[in-house]
Amino acid sequence: MRKSRVVLAAAAALLALSPGACGSSEKTVDKDASSGAADNAGALIGVTMPTRASQRWNGDGENVKKELEALGYKVDLQYAEDDIPTQVNQIDSQITKGVRVLIIASIDGAAITSQLQTAADAKIPVIAYDRLILKSPNVDYYATFDNFKVGVQQANSLLIGLKLVNADGTPGTAKGPFNVELFAGSPDDNNATFFFNGAMSVLQPYLDKGALKVPSGQTDFKSIAILRWQAREAQNRMENLLTSTYRSGVKVDGVLSPYDGLSIGIVSALKSSGYGTAGLPYPVITGQDAEVTSVKSIIAGEQYSTIFKDYRDLAKTSAQMADAILKGRKPVTNNEKDYDNGVKVVPSMLLDTTIVNKDNYEKALIDSGFYTQAQLR
Ligand code: GAL
(Lines give C-alpha, C1' and ligand atoms only; values in the text may rest on other atoms or scores of the structure.)
Protein backbone atom coordinates (compact mmCIF):
# COMPACT_ATOMS: atom_id res chain seq x y z
CA MET A 1 0.00 0.00 0.00
CA ARG A 2 2.70 2.42 1.16
CA LYS A 3 4.92 1.33 -1.71
CA SER A 4 2.30 2.01 -4.35
CA ARG A 5 1.70 5.46 -2.88
CA VAL A 6 5.39 6.22 -3.12
CA VAL A 7 5.41 5.03 -6.72
CA LEU A 8 2.40 7.20 -7.51
CA ALA A 9 3.97 10.21 -5.85
CA ALA A 10 7.21 9.65 -7.77
CA ALA A 11 5.26 9.29 -11.01
CA ALA A 12 3.36 12.49 -10.27
CA ALA A 13 6.60 14.33 -9.52
CA LEU A 14 8.11 13.12 -12.79
CA LEU A 15 5.00 14.17 -14.66
CA ALA A 16 5.14 17.62 -13.12
CA LEU A 17 8.75 17.98 -14.23
CA SER A 18 8.16 16.77 -17.75
CA PRO A 19 8.10 19.43 -20.50
CA GLY A 20 4.57 18.49 -21.49
CA ALA A 21 3.13 18.95 -17.98
CA CYS A 22 0.23 21.35 -18.24
CA GLY A 23 -0.80 21.78 -14.62
CA SER A 24 -3.85 19.55 -14.86
CA SER A 25 -4.87 17.95 -11.56
CA GLU A 26 -5.44 14.63 -13.30
CA LYS A 27 -2.66 12.10 -12.68
CA THR A 28 -1.76 9.16 -14.83
CA VAL A 29 -2.68 5.88 -13.19
CA ASP A 30 -0.92 2.60 -13.29
CA LYS A 31 -4.07 0.78 -14.36
CA ASP A 32 -3.60 -1.85 -16.95
CA ALA A 33 -6.64 -0.94 -19.03
CA SER A 34 -5.05 2.46 -19.52
CA SER A 35 -1.79 1.15 -20.91
CA GLY A 36 -3.02 1.16 -24.47
CA ALA A 37 -5.11 4.33 -24.25
CA ALA A 38 -5.32 4.65 -28.02
CA ASP A 39 -6.44 1.02 -28.39
CA ASN A 40 -9.31 1.66 -26.04
CA ALA A 41 -11.16 4.01 -28.39
CA GLY A 42 -14.54 2.46 -29.10
CA ALA A 43 -13.93 -0.33 -26.56
CA LEU A 44 -16.76 -2.48 -25.22
CA ILE A 45 -17.90 -1.67 -21.67
CA GLY A 46 -20.02 -4.02 -19.56
CA VAL A 47 -22.84 -2.49 -17.54
CA THR A 48 -24.92 -4.61 -15.15
CA MET A 49 -28.00 -3.30 -13.34
CA PRO A 50 -29.95 -5.11 -10.59
CA THR A 51 -33.53 -5.11 -11.91
CA ARG A 52 -36.00 -3.63 -14.34
CA ALA A 53 -38.70 -3.80 -11.68
CA SER A 54 -37.93 -0.34 -10.36
CA GLN A 55 -38.17 2.76 -12.50
CA ARG A 56 -34.84 4.18 -11.42
CA TRP A 57 -32.64 1.29 -12.60
CA ASN A 58 -34.24 1.46 -16.04
CA GLY A 59 -33.31 5.13 -16.18
CA ASP A 60 -29.83 4.43 -14.81
CA GLY A 61 -29.13 1.74 -17.41
CA GLU A 62 -30.37 3.83 -20.34
CA ASN A 63 -28.43 6.89 -19.21
CA VAL A 64 -25.14 5.09 -18.57
CA LYS A 65 -25.42 3.51 -22.03
CA LYS A 66 -26.20 6.86 -23.63
CA GLU A 67 -23.30 8.63 -21.89
CA LEU A 68 -20.79 5.90 -22.81
CA GLU A 69 -21.98 5.81 -26.41
CA ALA A 70 -21.62 9.58 -26.60
CA LEU A 71 -17.96 9.05 -25.63
CA GLY A 72 -17.60 6.58 -28.48
CA TYR A 73 -17.76 3.31 -26.52
CA LYS A 74 -19.85 0.22 -27.19
CA VAL A 75 -22.01 -0.99 -24.34
CA ASP A 76 -23.26 -4.38 -23.19
CA LEU A 77 -26.13 -3.55 -20.78
CA GLN A 78 -27.69 -6.32 -18.67
CA TYR A 79 -30.44 -6.54 -16.04
CA ALA A 80 -30.58 -9.41 -13.56
CA GLU A 81 -34.13 -9.14 -12.16
CA ASP A 82 -32.74 -9.24 -8.62
CA ASP A 83 -31.45 -12.77 -9.13
CA ILE A 84 -27.85 -13.17 -7.92
CA PRO A 85 -26.86 -16.16 -10.14
CA THR A 86 -28.16 -14.26 -13.18
CA GLN A 87 -25.98 -11.26 -12.36
CA VAL A 88 -22.98 -13.53 -11.74
CA ASN A 89 -23.48 -15.12 -15.19
CA GLN A 90 -23.87 -11.74 -16.85
CA ILE A 91 -20.57 -10.50 -15.42
CA ASP A 92 -18.81 -13.76 -16.39
CA SER A 93 -20.13 -13.47 -19.90
CA GLN A 94 -19.12 -9.80 -20.20
CA ILE A 95 -15.57 -10.76 -19.19
CA THR A 96 -15.61 -13.47 -21.88
CA LYS A 97 -16.86 -10.93 -24.43
CA GLY A 98 -13.74 -8.88 -23.72
CA VAL A 99 -15.15 -5.78 -22.04
CA ARG A 100 -12.46 -3.28 -21.02
CA VAL A 101 -14.31 -1.89 -17.97
CA LEU A 102 -17.12 -3.26 -15.82
CA ILE A 103 -19.71 -0.90 -14.33
CA ILE A 104 -21.74 -2.83 -11.79
CA ALA A 105 -24.80 -1.99 -9.70
CA SER A 106 -24.79 -5.13 -7.58
CA ILE A 107 -27.74 -7.03 -6.13
CA ASP A 108 -25.83 -8.58 -3.24
CA GLY A 109 -22.73 -6.49 -2.63
CA ALA A 110 -20.71 -9.46 -1.39
CA ALA A 111 -21.74 -12.10 -3.94
CA ILE A 112 -19.50 -11.33 -6.91
CA THR A 113 -16.04 -11.64 -5.37
CA SER A 114 -14.88 -14.46 -7.62
CA GLN A 115 -16.11 -12.69 -10.80
CA LEU A 116 -14.14 -9.63 -9.77
CA GLN A 117 -11.05 -11.78 -9.26
CA THR A 118 -11.48 -13.09 -12.82
CA ALA A 119 -11.87 -9.49 -13.99
CA ALA A 120 -8.70 -8.46 -12.16
CA ASP A 121 -6.80 -11.38 -13.67
CA ALA A 122 -7.93 -10.17 -17.09
CA LYS A 123 -6.88 -6.61 -16.11
CA ILE A 124 -10.42 -5.25 -16.34
CA PRO A 125 -11.05 -2.31 -13.99
CA VAL A 126 -14.30 -2.26 -12.02
CA ILE A 127 -16.52 0.69 -11.12
CA ALA A 128 -19.18 0.09 -8.47
CA TYR A 129 -22.32 1.95 -9.52
CA ASP A 130 -24.56 3.40 -6.77
CA ARG A 131 -24.06 0.34 -4.50
CA LEU A 132 -20.64 -0.50 -3.06
CA ILE A 133 -19.25 -3.94 -3.98
CA LEU A 134 -18.09 -5.58 -0.77
CA LYS A 135 -15.34 -7.98 0.34
CA SER A 136 -13.21 -7.63 -2.78
CA PRO A 137 -9.88 -5.89 -3.38
CA ASN A 138 -10.83 -5.63 -7.06
CA VAL A 139 -13.11 -2.61 -6.94
CA ASP A 140 -11.33 0.40 -8.41
CA TYR A 141 -13.81 3.25 -8.05
CA TYR A 142 -17.28 3.94 -6.69
CA ALA A 143 -19.79 6.38 -8.19
CA THR A 144 -22.72 7.09 -5.90
CA PHE A 145 -24.72 9.67 -3.98
CA ASP A 146 -23.99 10.82 -0.45
CA ASN A 147 -25.83 7.89 1.11
CA PHE A 148 -25.43 8.92 4.75
CA LYS A 149 -26.83 12.32 3.84
CA VAL A 150 -29.82 10.66 2.15
CA GLY A 151 -30.68 9.07 5.51
CA VAL A 152 -30.21 12.40 7.30
CA GLN A 153 -32.54 14.06 4.78
CA GLN A 154 -35.17 11.32 5.17
CA ALA A 155 -35.15 11.77 8.94
CA ASN A 156 -35.18 15.57 8.71
CA SER A 157 -38.12 15.43 6.38
CA LEU A 158 -39.96 13.12 8.80
CA LEU A 159 -39.38 15.66 11.61
CA ILE A 160 -40.47 18.53 9.37
CA GLY A 161 -43.64 16.66 8.34
CA LEU A 162 -44.44 16.05 12.00
CA LYS A 163 -43.75 19.76 12.69
CA LEU A 164 -41.16 18.89 15.32
CA VAL A 165 -38.75 21.06 13.37
CA ASN A 166 -39.15 23.76 10.74
CA ALA A 167 -37.66 23.51 7.27
CA ASP A 168 -34.84 25.83 8.37
CA GLY A 169 -33.91 23.47 11.22
CA THR A 170 -35.35 25.60 14.05
CA PRO A 171 -37.70 23.93 16.58
CA GLY A 172 -41.22 23.47 15.20
CA THR A 173 -44.60 24.09 16.75
CA ALA A 174 -45.26 20.45 17.74
CA LYS A 175 -43.77 18.74 20.76
CA GLY A 176 -44.96 15.13 20.35
CA PRO A 177 -44.82 12.46 21.46
CA PHE A 178 -45.44 10.96 18.03
CA ASN A 179 -45.76 7.29 17.13
CA VAL A 180 -43.39 6.34 14.34
CA GLU A 181 -42.33 3.08 12.73
CA LEU A 182 -38.98 2.54 11.02
CA PHE A 183 -38.17 0.62 7.84
CA ALA A 184 -34.76 -0.11 6.33
CA GLY A 185 -33.64 -1.43 2.96
CA SER A 186 -32.08 -4.70 1.86
CA PRO A 187 -29.45 -6.03 4.28
CA ASP A 188 -27.23 -7.19 1.39
CA ASP A 189 -27.11 -3.65 -0.02
CA ASN A 190 -24.44 -1.55 1.70
CA ASN A 191 -26.49 1.59 1.01
CA ALA A 192 -29.27 0.39 3.30
CA THR A 193 -27.00 0.66 6.35
CA PHE A 194 -25.81 4.11 5.32
CA PHE A 195 -29.40 5.34 4.93
CA PHE A 196 -30.34 3.84 8.30
CA ASN A 197 -27.31 5.21 10.14
CA GLY A 198 -27.83 8.64 8.59
CA ALA A 199 -31.48 8.65 9.63
CA MET A 200 -30.78 7.41 13.17
CA SER A 201 -28.12 10.08 13.66
CA VAL A 202 -31.00 12.56 13.46
CA LEU A 203 -33.82 10.56 15.07
CA GLN A 204 -31.99 9.07 18.07
CA PRO A 205 -32.03 12.26 20.20
CA TYR A 206 -35.79 12.60 19.58
CA LEU A 207 -36.30 8.96 20.61
CA ASP A 208 -34.12 9.49 23.67
CA LYS A 209 -36.09 12.48 24.90
CA GLY A 210 -39.45 10.87 24.08
CA ALA A 211 -40.64 13.26 21.35
CA LEU A 212 -40.72 10.17 19.10
CA LYS A 213 -41.82 6.71 20.17
CA VAL A 214 -41.64 3.43 18.27
CA PRO A 215 -44.63 1.50 19.69
CA SER A 216 -43.60 -1.79 18.03
CA GLY A 217 -40.23 -1.57 19.78
CA GLN A 218 -38.54 -2.56 16.49
CA THR A 219 -35.64 -0.19 16.05
CA ASP A 220 -32.62 -2.33 15.21
CA PHE A 221 -31.58 -2.65 11.57
CA LYS A 222 -32.14 -6.42 11.41
CA SER A 223 -35.77 -6.35 12.49
CA ILE A 224 -36.77 -3.49 10.19
CA ALA A 225 -34.78 -4.42 7.04
CA ILE A 226 -36.71 -5.49 3.91
CA LEU A 227 -34.84 -8.03 1.78
CA ARG A 228 -34.38 -6.91 -1.87
CA TRP A 229 -36.37 -3.73 -1.22
CA GLN A 230 -39.65 -5.58 -1.95
CA ALA A 231 -42.84 -3.46 -1.80
CA ARG A 232 -44.89 -6.55 -0.95
CA GLU A 233 -42.68 -7.32 2.06
CA ALA A 234 -42.96 -3.75 3.31
CA GLN A 235 -46.72 -3.95 2.95
CA ASN A 236 -46.80 -7.23 4.92
CA ARG A 237 -44.64 -5.78 7.68
CA MET A 238 -46.80 -2.64 7.92
CA GLU A 239 -49.97 -4.78 8.02
CA ASN A 240 -48.47 -6.86 10.81
CA LEU A 241 -47.50 -3.76 12.76
CA LEU A 242 -50.99 -2.32 12.38
CA THR A 243 -52.62 -5.47 13.73
CA SER A 244 -50.09 -6.18 16.47
CA THR A 245 -49.49 -2.66 17.78
CA TYR A 246 -52.02 -0.14 16.54
CA ARG A 247 -55.32 -1.40 17.81
CA SER A 248 -57.67 0.45 20.15
CA GLY A 249 -57.24 3.96 18.84
CA VAL A 250 -53.43 4.17 18.82
CA LYS A 251 -52.45 5.72 15.50
CA VAL A 252 -49.30 5.89 13.41
CA ASP A 253 -48.01 9.45 13.01
CA GLY A 254 -44.91 8.81 10.94
CA VAL A 255 -43.10 6.13 8.96
CA LEU A 256 -39.41 6.31 8.07
CA SER A 257 -39.29 4.59 4.69
CA PRO A 258 -35.94 4.50 2.87
CA TYR A 259 -37.27 3.90 -0.66
CA ASP A 260 -40.33 4.81 -2.74
CA GLY A 261 -41.05 1.17 -3.60
CA LEU A 262 -41.41 0.39 0.12
CA SER A 263 -43.47 3.53 0.70
CA ILE A 264 -46.00 2.31 -1.88
CA GLY A 265 -46.44 -0.95 0.06
CA ILE A 266 -46.69 0.98 3.33
CA VAL A 267 -49.36 3.34 1.93
CA SER A 268 -51.38 0.33 0.70
CA ALA A 269 -51.32 -1.30 4.12
CA LEU A 270 -52.42 1.94 5.78
CA LYS A 271 -55.17 2.51 3.21
CA SER A 272 -56.60 -0.98 3.83
CA SER A 273 -56.59 -0.18 7.53
CA GLY A 274 -58.72 2.96 7.07
CA TYR A 275 -56.02 5.66 6.88
CA GLY A 276 -56.32 8.45 4.32
CA THR A 277 -59.53 10.10 5.56
CA ALA A 278 -60.15 13.45 7.24
CA GLY A 279 -60.55 11.69 10.58
CA LEU A 280 -57.55 9.42 10.11
CA PRO A 281 -55.02 11.13 7.81
CA TYR A 282 -51.97 9.31 6.49
CA PRO A 283 -48.90 9.45 8.67
CA VAL A 284 -45.86 11.36 7.45
CA ILE A 285 -44.19 8.83 5.12
CA THR A 286 -40.76 9.37 3.59
CA GLY A 287 -39.15 7.74 0.54
CA GLN A 288 -36.31 7.89 -1.95
CA ASP A 289 -35.77 7.98 -5.72
CA ALA A 290 -38.60 10.33 -6.78
CA GLU A 291 -40.23 7.55 -8.81
CA VAL A 292 -43.22 8.72 -10.85
CA THR A 293 -45.77 6.69 -8.86
CA SER A 294 -44.49 8.10 -5.60
CA VAL A 295 -44.33 11.69 -6.82
CA LYS A 296 -47.98 11.30 -7.87
CA SER A 297 -48.68 9.88 -4.41
CA ILE A 298 -47.00 12.94 -2.87
CA ILE A 299 -49.11 15.25 -5.04
CA ALA A 300 -52.19 13.27 -3.92
CA GLY A 301 -51.24 13.78 -0.24
CA GLU A 302 -50.46 10.14 0.57
CA GLN A 303 -46.66 9.86 0.73
CA TYR A 304 -45.12 12.95 2.33
CA SER A 305 -41.67 13.20 0.76
CA THR A 306 -38.98 11.52 -1.28
CA ILE A 307 -35.29 12.09 -1.90
CA PHE A 308 -34.40 13.11 -5.44
CA LYS A 309 -31.17 11.57 -6.68
CA ASP A 310 -30.54 12.82 -10.18
CA TYR A 311 -29.29 9.65 -11.79
CA ARG A 312 -28.57 11.50 -15.01
CA ASP A 313 -25.57 12.94 -13.12
CA LEU A 314 -24.62 9.53 -11.73
CA ALA A 315 -24.65 8.05 -15.22
CA LYS A 316 -22.44 10.86 -16.47
CA THR A 317 -20.05 10.46 -13.52
CA SER A 318 -19.62 6.72 -14.01
CA ALA A 319 -19.13 7.13 -17.78
CA GLN A 320 -16.49 9.81 -17.14
CA MET A 321 -14.76 7.49 -14.67
CA ALA A 322 -14.63 4.69 -17.25
CA ASP A 323 -13.40 7.12 -19.91
CA ALA A 324 -10.68 8.50 -17.62
CA ILE A 325 -9.43 5.00 -16.76
CA LEU A 326 -9.38 3.98 -20.42
CA LYS A 327 -7.45 7.12 -21.30
CA GLY A 328 -4.87 6.54 -18.57
CA ARG A 329 -6.07 9.28 -16.22
CA LYS A 330 -7.22 9.11 -12.63
CA PRO A 331 -10.99 9.61 -12.35
CA VAL A 332 -12.22 12.54 -10.27
CA THR A 333 -13.28 11.49 -6.75
CA ASN A 334 -14.33 13.47 -3.69
CA ASN A 335 -14.27 10.88 -0.90
CA GLU A 336 -11.41 8.57 -0.05
CA LYS A 337 -12.37 7.61 3.50
CA ASP A 338 -15.99 6.55 4.03
CA TYR A 339 -16.52 3.59 1.74
CA ASP A 340 -14.59 0.70 3.20
CA ASN A 341 -15.74 -2.50 1.52
CA GLY A 342 -14.20 -4.77 4.13
CA VAL A 343 -10.94 -5.17 2.22
CA LYS A 344 -10.11 -1.65 1.06
CA VAL A 345 -11.41 1.89 1.10
CA VAL A 346 -12.76 2.49 -2.38
CA PRO A 347 -12.14 5.97 -3.85
CA SER A 348 -15.60 7.41 -4.36
CA MET A 349 -17.45 10.22 -6.05
CA LEU A 350 -20.48 11.22 -3.99
CA LEU A 351 -23.21 13.29 -5.62
CA ASP A 352 -25.69 15.54 -3.88
CA THR A 353 -29.38 14.86 -3.22
CA THR A 354 -32.53 16.91 -2.55
CA ILE A 355 -35.56 16.46 -0.28
CA VAL A 356 -38.72 16.69 -2.41
CA ASN A 357 -42.25 17.21 -1.14
CA LYS A 358 -45.47 18.75 -2.40
CA ASP A 359 -44.08 22.28 -2.03
CA ASN A 360 -40.98 21.94 -4.19
CA TYR A 361 -41.55 19.03 -6.59
CA GLU A 362 -42.16 21.32 -9.56
CA LYS A 363 -38.93 23.19 -9.04
CA ALA A 364 -36.86 20.09 -8.26
CA LEU A 365 -38.29 17.67 -10.79
CA ILE A 366 -39.96 19.59 -13.59
CA ASP A 367 -37.81 22.73 -13.85
CA SER A 368 -34.73 20.48 -13.83
CA GLY A 369 -36.12 18.58 -16.82
CA PHE A 370 -36.20 15.28 -14.93
CA TYR A 371 -39.96 14.89 -15.56
CA THR A 372 -42.50 16.71 -17.66
CA GLN A 373 -45.67 18.02 -16.05
CA ALA A 374 -47.61 15.48 -18.13
CA GLN A 375 -45.69 12.52 -16.64
CA LEU A 376 -46.83 13.50 -13.17
CA ARG A 377 -50.52 13.88 -14.02
C1 GAL B 1 -30.47 1.42 -3.33
C2 GAL B 1 -30.46 2.75 -4.02
C3 GAL B 1 -31.76 3.45 -3.79
C4 GAL B 1 -32.92 2.56 -4.17
C5 GAL B 1 -32.78 1.17 -3.62
C6 GAL B 1 -33.82 0.20 -4.16
O7 GAL B 1 -29.26 0.77 -3.51
O8 GAL B 1 -29.38 3.54 -3.55
O9 GAL B 1 -31.77 4.65 -4.52
O10 GAL B 1 -33.04 2.54 -5.56
O11 GAL B 1 -31.50 0.64 -3.88
O12 GAL B 1 -33.69 0.03 -5.54
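Residue positions within a chain follow its written sequence, with the count starting from 1. Side-chain atom pairs in this predicted model are given and counted only at pLDDT of 80 or more, local residue features only at pLDDT of at least 70, and totals for whole chains, interfaces and linings cover all residues. Values reported for side chains reflect all heavy atoms of the structure, with hydrogen atoms and water molecules removed beforehand.

(A) Just the sheet that holds strand 8 (residues 254–256), in detail. Here a strand pair is declared whenever DSSP counts at least two bridges between the two strands. Each helix corresponds to a stretch of at least 4 residues labelled H or I by DSSP, and each strand to a stretch of at least 2 residues labelled E; elements are numbered beginning at the N terminus. Ordered by their spatial adjacency, four strands build an open sheet running 7-6-8-9, and the pairing between neighbours is parallel. The open sheet has two edge strands, strand 7 (212–213) and strand 9 (284–285), and neither has a second partner. In terms of strand pairing, strand 6 (residues 178–182) meets strand 8 through three bridges, oriented parallel. In the strand pairing of strand 8, V180 is matched with G254.

(B) Region of the structure containing empty space enclosed by the protein. Grid points spaced at 1 Å and placed over the protein atoms alone form the basis of the search, with a cavity being a set where a 1.4 Å probe fits but cannot get out and a pocket an open set showing protein on both sides within 12 Å along at least five of seven lines. Lining residues have an atom within 4 Å of a point. Grid points are joined across faces, edges and corners, and a volume is the space filled by probe spheres set on the points. Counted by the stated rule, this structure contains one cavity of 30 Å³ or more. Of the voids in this model, the largest cavity is the one considered here, and its volume is about 30 Å³. Along its surface, the largest cavity is lined by Q154, F183, A184, A192, F195, F196, A199, L256 and P258. Counting residues per element, the lining of the largest cavity draws most heavily on helix 6 (residues 190–208), at four residues. Under the scheme applied, nonpolar residues are Ala, Val, Leu, Ile, Met, Phe, Trp, Tyr, Cys and Pro; charged residues are Asp, Glu, Lys and Arg; polar residues are all the others, including Gly. For the lining of the largest cavity, the class distribution of residues is eight nonpolar, one polar and no charged.

(C) Just helix 8 (residues 231–245), in detail. For a helix, the expected span equals 1.5 Å multiplied by the number of residues minus one. Between its terminal C-alpha atoms helix 8 stretches 21 Å, which fits the 21 Å expected from 15 residues at 1.5 Å a residue. Throughout, exposure labels follow a simple rule: accessible area from a 1.4 Å probe, protein chains only, divided by the maximum for the residue type, with under 20% read as buried, over 50% as exposed, and the rest as partly exposed. Residues of helix 8 that are buried: A234, Q235, R237, M238, L241, L242 and T245. Buried residues along helix 8 cover an arc of 165 degrees about the axis, so they all sit on one side. Turning to helix 8, the residues buried within the fold contact strand 6, helix 7 (221–224), strand 8 and helix 9 (260–272). Within this analysis, the arc is defined by the directions that extend from the helix axis to the C-beta atoms. We call two residues in contact when some of their heavy atoms are within 4.5 Å.

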